[in-house]
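# Architecture at a glance
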Amino acid sequence: MNPSWAEWPRPHTNLFACLELGWRWWLIALCGLALLAATLVKLQHEQGLAMRQARLEITLRALNDRLETGLALGFELGDNHRAQAMLEELLADDSTLISAEVFDASGISLFNTDRGAIGEPVPAGWSVASTRLKDGLAPSAQGGSQRAWSVMGRDDFTLGLPLRSAFGERVGDVCITSQYPATPTPWTLLGAIALSGLGLTALLVLLARNFSLALDARRDIATSMAATARLQSTDQRLSQALDELGRVQDTA
């Protein structure tokens, strides 16, 4: 025989019972908040990098124009006596720059803020990126007519532009290397997550407790109804017993 509602034990609506009812939803919501924070930090870092690249490309284009002015006058790229000074001035004006360099079409450094590297071949990745740009395979950083190539390293990145003579022939490249922007500190977001987690926990406990109290009320109603039904059944059996007793006495 199945037990009636009245025979069921009453649930305890304490904190542990509330958490037992909704801890899975609380965990899912908390993981969602953490994922949202990580996404926001990543987007902030990517936006900072894009803004720095855009700013440095403007600087690079201005330097490229100054170097190409000398080429337009008929000077050879290696004969530009102002090139070294321009690179060093650029490095002094921008603390985020690591180096600036001009190399010829064969990949040999002609001017460099690191004077010890002058005459040395540039990293192979730069030559490959410049060649891909010349072949029309490199993506445009800003979508302009004169596209810049880029090489992303582990700790820094390099932007470069081709240098062209008065006849449009590529005679070399100018490039600048910059450090990545600082990764945004996640403490503000973590604090917001912690506060959100506390609020979420309080809301979970409140909702779970209200649910438990509503369940208690339903159980009380069911218990009262079961008790009433039992009393009615007992009263009916008692009436039947009295009637039967009366008939026995009459026959006696």
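Just so it is clear, the model here is predicted, and its values are computed rather than measured.

Okay, the overall build of the protein next. Summing up its helical and strand segments, the protein has four helices and five strands in all. In sequence order, the secondary structure elements of the protein are arranged as α-α-β-β-α-β-β-β-α. The buried share of the protein, reckoned over its 252 residues, is 29%. Of the contacts made within the protein by residues no fewer than 6 positions apart, 61% connect residues no fewer than 24 positions apart. For the protein, the exposed area adds up to about 16,300 Å²; of that, 62% sits on carbon and sulfur atoms.

Let's shift gears to the pairing of strand β4 (residues 156–164). By the criterion of burial, β4 is predominantly enclosed, with seven of the nine residues buried. Bridging between strand β3 (residues 149–152) and β4 involves four bridges; their strand directions are antiparallel. Bridge pairing links V151 to T158 in β4. Counting the residues in the hairpin turn of β3 and β4 gives three residues. Sheet topology note: the β4/strand β5 (residues 170–179) ladder contains nine bridges and is antiparallel.

Looking now at the side chain of D173. For D173, the position within the fold is in strand β5. Here D173 falls in the buried class, since its relative accessible area comes to 0%. At 3.0 Å, the side chain of D173 and the side chain of S130 are in polar contact. Excluding residues within four positions of it along the chain, D173 makes contact with E101, V102, F103, S130, W149, L161, P162 and L163.

Moving on, we come to the packing of aromatic side chains. For the structure shown, the criterion picks out four aromatic pairs. Relative to W149, the ring of W126 has its centre 6.4 Å away and its plane inclined at 40°; by these criteria the two rings are tilted. A residue pair is termed long-range when its members are at least 10 positions apart, and W126 in helix α3 (residues 124–134) and W149 in strand β3 qualify at 23 residues. For the pair formed by W126 and W149, the shared burial category is buried. Taken together, a centroid distance of 5.6 Å and an interplanar angle of 40° make the contact between F157 and Y180 tilted. You can see F157 sitting in strand β4 and its partner Y180 sitting in the loop between β5 and α4 (187–251), a full 23 residues away along the chain.

Attention now moves to the environment of Y180. Linking Y180 and D155, residues 25 residues apart in sequence, is a C-alpha distance of 6.6 Å. With sequence-adjacent residues up to four places away left out, Y180 is seen in contact with L49, R52, M152, G153, R154, D155, D156 and F157. Engagement of the side chain of Y180 in a polar contact is seen with the backbone oxygen of D156, the distance being 3.4 Å.

Another aspect to go through is the nonpolar core. Membership of the largest hydrophobic core comes to 22 residues, with the highest contact counts inside it found for L63, L67, V102, L163, V174 and I176. Listed by contribution, the elements that provide at least two residues to this core are α1 (15–72), α2 (83–93), β1 (97–104), β4 and β5. F103, V122, A129 and L133 belong to the second-largest nonpolar core, a separate cluster that totals seven residues.

What counts and what doesn't
- Residues numbered from 1 in each chain as written.
- Predicted model: local features only at pLDDT ≥ 70, side-chain atom pairs only at ≥ 80, totals over all residues.
- Heavy atoms only, no water.
- Helix = DSSP H or I, 4+ residues; strand = E, 2+ residues; numbered from the N terminus.
- Buried < 20%, exposed > 50% of the residue type's maximum accessible area, 1.4 Å probe, protein only.
- Contact = heavy atoms within 4.5 Å.
- Areas by Shrake-Rupley, 256 points an atom, 1.4 Å probe, with all protein chains shown as cover.
- Pairing = 2+ DSSP bridges.
- Polar contact = N/O pair within 3.5 Å; in protein donor to acceptor, adjacent residues only side chain to side chain.
- Phe/Tyr/Trp six-rings, centres within 6.5 Å; stacked < 30°, edge-to-face > 60°.
- Core = buried A, V, L, I, M, F, W, Y, C linked by side-chain atoms within 4.5 Å.

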